[in-house]
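# Residue-level structure breakdown
Here is how the chains run, residue by residue.
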Amino acid sequence: MSNRTHILARAAQHGQRYLEGIGDRFVGAMATGDELRALLGAPLGAGPIPESDVIDVLALAAERGTVASQGPRYFGFVTGGSLPAATAADWLVSAWDQNPGVFVLSPLISVIETITAGWLRDLTGLPAQASVGFVTGCQAANFTALAAARHHVLSAAGWDVEARGLFGAPEIDVVVSDEAHYTIFNALRLLGLGAARVRRVPTDDQGRMRAEALARALDTGTGPCIVCAQAGNVNTGAFDPLLAISEAARRRGAWLHVDGAFGLWAATSPKLALLVAGVEQADSVATDGHKWLNVPYDCGIVFCAHPDSHRRAMSMSAAYIMESRAERDPHEYVPEESRRGRAVPVYAALRSIGRDGLRDLVERCCLLARRMASRLGEEPALHVLNDVCLNQVLVRLGSPSPDAGADARTKAMIERIQMDGTCWAGGTTWHGMAALRISVSNWSTTGSDIDRSAEAIVRVARTVLSED
Ligand SMILES: Cc1ncc(COP(=O)(O)O)c(C=O)c1O
């Protein structure tokens, strides 16, 4: 066996062993930063060491240093696992080591992007002519979409922002909801549109933008305008009323962007699609592959109903960059030039589970979230704070209302859940109240994982209360 064959096989064995044990292990990380530094941080030597030693020590560090976010009882943030075919395809992406900037650099990745983009538009009901870019995550997708928006609305006002920047440009009226995800503000900041100068529209008790308040806000405006709406609130899972919002945006001549990091996938289920109705009217949509589609990090997807604005906002060229006339040059749709072929795991995930499999994945997670809410709701001291319309559950210990004692108990419960290790969930603040945040986003989570986790949460909650 050549050294390369040997080392790749060894890494694959480590990866397989890691994944085989993922459902049984303590769900949080087990090592401290100091332990990991002791294991990995020896000074870099001048000469080589055996490749197998390098890989073995990484695998050893991963046993205790990783979080079992690939596992079935990880409910933190909005973290999907990775479908087996997607993980395997991602390994191939590394083996191939293609740079899909332009077609000539990798015909394979360019064609896979074209095919996958078509499937994604079709599955989510987005317009057939929308352009699609494969980026690192939804933050990058929001950035890319808002760069296209900036180009489009300023170009309509006779301003070439790519050439002249924002110095002396017409002002853009940016309208967001009070509950816009922080990555929207980060994207606006990076694009020179300012995170603080936006106009904010109030939301309802679930975090949905109030459409009538948006309509009032837009009625008075003129000139370039961008509206940012959301499909899937990061805390409650709630959806902004996109049909009414798109109507108001259209009346104002505004660009409508929808952040659908995980909520966009509701469009793949006939039972849930109503939640996201109107998204097909948006000028741009951002989503993640690495959340609910269950492909490995890093994978986000941006859709744009105005391919020309998308391309103009993203791409420049140089004499030595051999662009293609007839084929897709992937760099035209993303901020990066060189990058990995991140559409390949998306292709593999979709091909392996098919349309029905994707719909089942999304619907199953929602069903399991409701099961979790119902198990926890049976415990008198636990209060579910949100309408569980998707895959997100917010839980509070002690009282469903603002109360310092309940805040302290809820925070203590979250810390204890993480120390217990049966499952992992994080905390948040919802309407000024501390809450446990549970997101069911993993293809491998079962009903018994939910029951086992709910039992652990109830046990921990009772312990916290008994120590009062
Ligand atoms: C609504 C929303 N938008 C954007 C993001 C950012 O996504 P990413 O971390 O993949 O960049 C998230 C992440 O949770 C989100 O929930």
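Just so we're clear, the structure is a prediction, and the values are computed from it rather than from any experiment.

## Let's talk about the overall build of the chain
Assigned secondary structure in the chain consists of 14 helices and 11 strands. Against the compact-globule benchmark of 23 Å for 468 residues, the chain has a radius of gyration of 23 Å, which places it among compact chains. Across its three principal axes, the chain shows a C-alpha extent of roughly 65 × 65 × 45 Å. Looking at the chain as a whole, 53% of its 468 residues qualify as buried. A fraction of 73% describes how many contacts in the chain between residues 6 or more apart in sequence connect residues 24 or more apart. In the form shown here, the chain has an accessible surface area of approximately 20,400 Å², with 55% of it arising from carbon and sulfur atoms.

## Details of the nonpolar core
Val 227, Met 413, Ile 438 and Ile 457 are the most contacted members of the largest nonpolar core, which has 96 residues in total. Among residues more than four places away in sequence, those in contact with Ile 457 are Met 372, Leu 376, Leu 382, Met 413, Ile 417, Cys 423, Leu 436 and Ile 438. Counting 26 residues, the second largest nonpolar core, distinct from the first, contains Ala 149, Ile 172, Leu 193 and Met 314.

## Points about the sheet that holds strand β11 (residues 433-439)
Ordered in space as β8-β9-β11-β10, the 4 strands form an open sheet in which the pairing is antiparallel. Of all the strands in the sheet, just β8 (382-384) and β10 (426-430) have a single pairing partner and so form its edges. Neighbour-to-neighbour, the strand axes of this sheet turn through a mean angle of 40°, independent of strand direction. Where β8 lies against strand β9 (residues 392-397), 3 bridges are found, and the strand directions are antiparallel. Bridging across to β9, Leu 382 finds its partner in Leu 397.

## Considering the packing of aromatic side chains
All chains considered together, the criterion is met by 3 aromatic pairs. Measuring from ring centre to ring centre gives 5.4 Å for Tyr 74 and Trp 424, while their planes differ by 15°; the resulting arrangement is stacked. Of this pair, Tyr 74 sits in the loop between α3 (51-65) and α4 (84-96) while Trp 424 sits in the loop between α13 (404-420) and β10; the two residues are 350 residues apart in sequence, bridging distant segments of the chain. Of the two residues, Tyr 74 and Trp 424, neither departs from the other in class, the shared state being buried. When the ring of Trp 119 is compared with that of Tyr 347, the centres are 4.9 Å apart and the planes differ by 20°; the resulting orientation is stacked. One end of the pair, Trp 119, is in helix α5 (residues 107-124); the other, Tyr 347, is in helix α12 (residues 343-377), and 228 residues separate them in sequence. For Tyr 347, a relative accessible area of 23% puts it in the partly exposed group. Among the aromatic residues, those joined into a cluster by ring pairs are Tyr 74, Phe 77 and Trp 424.

## Points about the sheet that holds strand β4 (residues 225-230)
The pairing of strands in a sheet comes from backbone hydrogen bonds and takes either a parallel or an antiparallel form. Strand order in the open sheet made by the 7 strands is β1-β7-β6-β5-β4-β2-β3, with mixed pairing throughout. Two strands close off the open sheet at either side, each with one partner strand: β1 (131-135) and β3 (199-201). Averaged over all pairs of adjacent strands, the angle between their axes in this sheet comes to 20°, without regard to strand direction. Bridge count for strand β5 (residues 255-259) against strand β6 (residues 284-288) is 3 bridges, and the pairing is parallel. Looking across to β6, one finds that Val 258 is bridged to Val 285. Set on the sheet, helix α8 (residues 182-190) makes contact with β2 (173-177), β3, β4 and β5; between it and β2 the angle comes to about 165°.

## Regarding the site of the ligand
Around the ligand, a shell composed of 15 residues is seen, among which Gln 139, Asp 259, Asp 288, His 290 and Lys 291 lie nearest. Sorting elements by how many residues they give to the shell around the ligand places helix α6 (residues 138-156) first, with 3 residues. The residue inventory of the shell around the ligand, partitioned by class, reads 4 nonpolar, 8 polar and 3 charged.

## Points about the environment of Tyr 182
Take Tyr 182: it is sitting in helix α8. By relative accessible area, which is 59% here, Tyr 182 ends up exposed. For the pair formed by Tyr 182 and Ala 195, sequence separation is 13 residues and the distance between their alpha carbons is 9.3 Å.

## Quick notes on the pattern of salt bridges
On inspection of all chains with the given rule, the structure shows 27 salt bridges. The partner of Arg 340 in a salt bridge is Asp 90, and the shortest N-O contact between them spans 3.1 Å. With Arg 340 in the loop between α11 (307-314) and α12 and Asp 90 in helix α4, this residue pair connects regions lying 250 residues apart in the sequence. Note on Asp 90: relative accessible area 15%, which makes it buried. Linking Arg 355 and Asp 122 is a salt bridge whose minimum nitrogen-to-oxygen distance equals 2.5 Å. Residue Arg 355 is found in helix α12, and its partner Asp 122 is found in helix α5; the two are separated by 233 residues along the sequence. Taken together, the shared-partner salt bridges connect Glu 113, Arg 328 and Arg 339 into one network.

## Here we look at the side chain of Asp 204
Locating Asp 204 in the fold gives a position in the loop between β3 and α9 (211-219). For Asp 204, a relative accessible area of 15% translates into the label buried. A polar atom in the side chain of Asp 204 sits 2.7 Å from the side chain of Arg 208. In this structure Asp 204 touches Arg 210 and His 431, once residues within four positions along its chain are discounted.

## Side note on the state of the cysteines
Scanning all chains against the criterion turns up 0 disulfides. Looking at the unpaired Cys 228, the closest cysteine sulfur is the one in Cys 225, lying at 9.4 Å. Cys 365 takes part in no disulfide bond, and the closest cysteine sulfur, belonging to Cys 366, lies 6.9 Å away.

Conventions and cut-offs
- Residues numbered from 1 in each chain as written.
- Predicted model: local features only at pLDDT ≥ 70, side-chain atom pairs only at ≥ 80, totals over all residues.
- Heavy atoms only, no water.
- Helix = DSSP H or I, 4+ residues; strand = E, 2+ residues; numbered from the N terminus.
- Rg over C-alpha atoms; globule rule 2.2 N^0.38 Å.
- Buried < 20%, exposed > 50% of the residue type's maximum accessible area, 1.4 Å probe, protein only.
- Contact = heavy atoms within 4.5 Å.
- Areas by Shrake-Rupley, 256 points an atom, 1.4 Å probe, with all protein chains shown as cover.
- Core = buried A, V, L, I, M, F, W, Y, C linked by side-chain atoms within 4.5 Å.
- Pairing = 2+ DSSP bridges.
- Axes fitted to C-alpha atoms, helices over the stretch in contact; angles between N-to-C directions.
- Phe/Tyr/Trp six-rings, centres within 6.5 Å; stacked < 30°, edge-to-face > 60°.
- Near = heavy atom within 4 Å.
- Nonpolar A, V, L, I, M, F, W, Y, C, P; charged D, E, K, R; others polar.
- Salt bridge = Lys/Arg side-chain N within 4 Å of Asp/Glu carboxyl O.
- Polar contact = N/O pair within 3.5 Å; in protein donor to acceptor, adjacent residues only side chain to side chain.
- Disulfide = S-S within 2.5 Å.

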